[in-house]
Amino acid sequence: RLDDVAVMEDLGPAECRRLMATQTIGRVAFVADGEPAVLPVSFAIVGEVVVFRTALGSTFDMLVRDTEVAFEVDQSDPAYHSGWSVVGRGTARGLEGQIEHDVLDSLPLRPWGLQTAPGWIGIVLREVTGRRIVQVPPALAR
């Protein structure tokens with residue numbers, strides 16, 4: 001309704017992680033040539049690790065391995081002017097030899113471009129924060 005009021009609420013870590021697990025596309029923020037950069041990735045969560053594929057040896061693969069990154073996931077509903085956003089921070093590490101190849105290969109992660117060898121990157125998020133916007137009737141917003 002047009003007279004509803006938008007309310008912003010902070011999300012706790014457990015709710016942030018639950019919401020992240022409902023999505024398949026996220027964004028990795030990193031530094032390239034001293035400038036901030038953000039790229040979308042298909043991802044899956046294995047235990048406490050956010051996992052995504054790269055092309056092994058690609059520029060992106062080399063820029064994010066063993067570096068501090070931010071990872072963002074969101075969902076929005078423009079019709080209801082609502083949604084949420086979760087941001088986590090951690091170190092991106094190569095997963096080759098850390099998680100069984102069969103486990104990695106079974107994840108629903110497909111390359112976005114042509115590549116010969118997959119690189120597997122995992123982020124253990126040290127901190128996770130999030131916010132949700134919901135519409136509520138004015139009487140409930142007080």
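Whatever comes next refers back to the structure up there.
On a predicted model such as this, the values are computed, not experimentally measured, just so you know. (Residues numbered from 1 in each chain as written. Predicted model: local features only at pLDDT ≥ 70, side-chain atom pairs only at ≥ 80, totals over all residues. Heavy atoms only, no water.)

**A short note on helix α1 (residues 13-20)**
We count it as follows: Exposure categories follow from relative accessible area, calculated using a 1.4 Å probe and restricted to protein chains: below 20% of the type maximum is buried, above 50% is exposed, and the middle band is partly exposed. Secondary structure is summarised from DSSP: a helix means a run of H or I of at least four residues, a strand means a run of E of at least two, and numbering begins at the N terminus for each. Picture the helix axis, draw a direction to every C-beta atom, and the arc is the one those directions span. What makes two residues a contact is simply this: any of their non-hydrogen atoms within 4.5 Å.
Buried within α1 are the following residues: Cys16, Leu19 and Met20. Projected down its long axis, α1 carries its buried residues within an arc of 100°, all on one side. Where α1 is buried, its residues meet β1 (5-11), β3 (35-46), β4 (49-55), β5 (67-77), β6 (82-94) and β7 (118-136).

**A word on the nonpolar core**
Short version of the rule: By nonpolar core is meant a set of buried Ala, Val, Leu, Ile, Met, Phe, Trp, Tyr and Cys residues that side-chain atoms within 4.5 Å join together.
Formed by 23 residues in total, the largest nonpolar core has its most connected members in Met20, Val28, Phe52, Val64, Phe71 and Ile123. Elements that contribute at least two residues to this core include exactly α1, β2 (25-32), β3, β4, α2 (59-64), β5, β6 and β7. No other element matches β7, which puts four residues into this core. With nine residues, the next largest nonpolar core counts Ala44, Val49, Val51 and Leu95 among its residues.

**Some points on the pattern of salt bridges**
Applicable threshold: Salt bridge, as used here, is a side-chain nitrogen of Lys or Arg placed within 4 Å of a carboxyl oxygen of Asp or Glu.
As enumerated under the stated definition, the model contains 11 salt bridges in all. Of the charged contacts, one joins Asp61 and Arg65 as a salt bridge, the two residues approaching to 3.0 Å between their closest N and O atoms. A relative accessible area of 3% places Asp61 in the buried class. Between Glu96 and Arg65 there is a salt bridge whose closest N-O contact spans 2.7 Å. Taken together, the residues Glu96 in the loop between β6 and α3 (101-106) and Arg65 in the loop between α2 and β5 connect sequence positions 31 residues apart. Salt bridges here are not isolated pairs; linked through shared partners, they connect Glu9, Glu15, Arg18 and Arg132.

**A closer look at the pairing of β4**
Inclusion rule: Pairing between two strands requires that DSSP report at least two bridges joining them.
The buried count for β4 comes to six of seven residues, which makes it a mostly enclosed element. Sheet topology note: the β3/β4 ladder contains four bridges and is antiparallel. Its bridge partner lying in β4, Ala44 is registered against Val51. Examined bridge by bridge, β4 and β7 share seven bridges and lie antiparallel to one another. Looking across to β7, one finds that Val51 is bridged to Gly122.

**Remarks on unusual backbone geometry**
In the Ramachandran plot, Asp33 falls in the positive-phi region, its phi being about 55° despite a non-glycine side chain. Tracing the sequence through the fold places Asp33 in the loop between β2 and β3. Even without a glycine there, the phi angle at Asp66 is positive, about 60°. Take Asp66: it is sitting in the loop between α2 and β5. Take Asp66: its relative accessible area is 51%, and that puts it in the exposed class.

**Here's the deal with the packing of aromatic side chains**
Heads up, the rule is: Pairs were defined over the aromatic rings of Phe, Tyr and Trp, the Trp ring being its six-membered one, requiring ring centres within 6.5 Å. Orientation was assigned from the angle between planes: stacked under 30 degrees, edge-to-face over 60, tilted for the rest.
Under the counting rule described, the total for this entry stands at three aromatic pairs. Between Phe43 and Phe71, the aromatic rings sit 5.0 Å apart at their centres with planes inclined by 80°, giving edge-to-face as the arrangement. Of this pair, Phe43 sits in strand β3 while Phe71 sits in strand β5, and the two are 28 residues apart along the sequence. Residue classification places Phe43 among the buried positions, given a relative accessible area of 4%.

In short, shape yes, function no, at least from these values alone.
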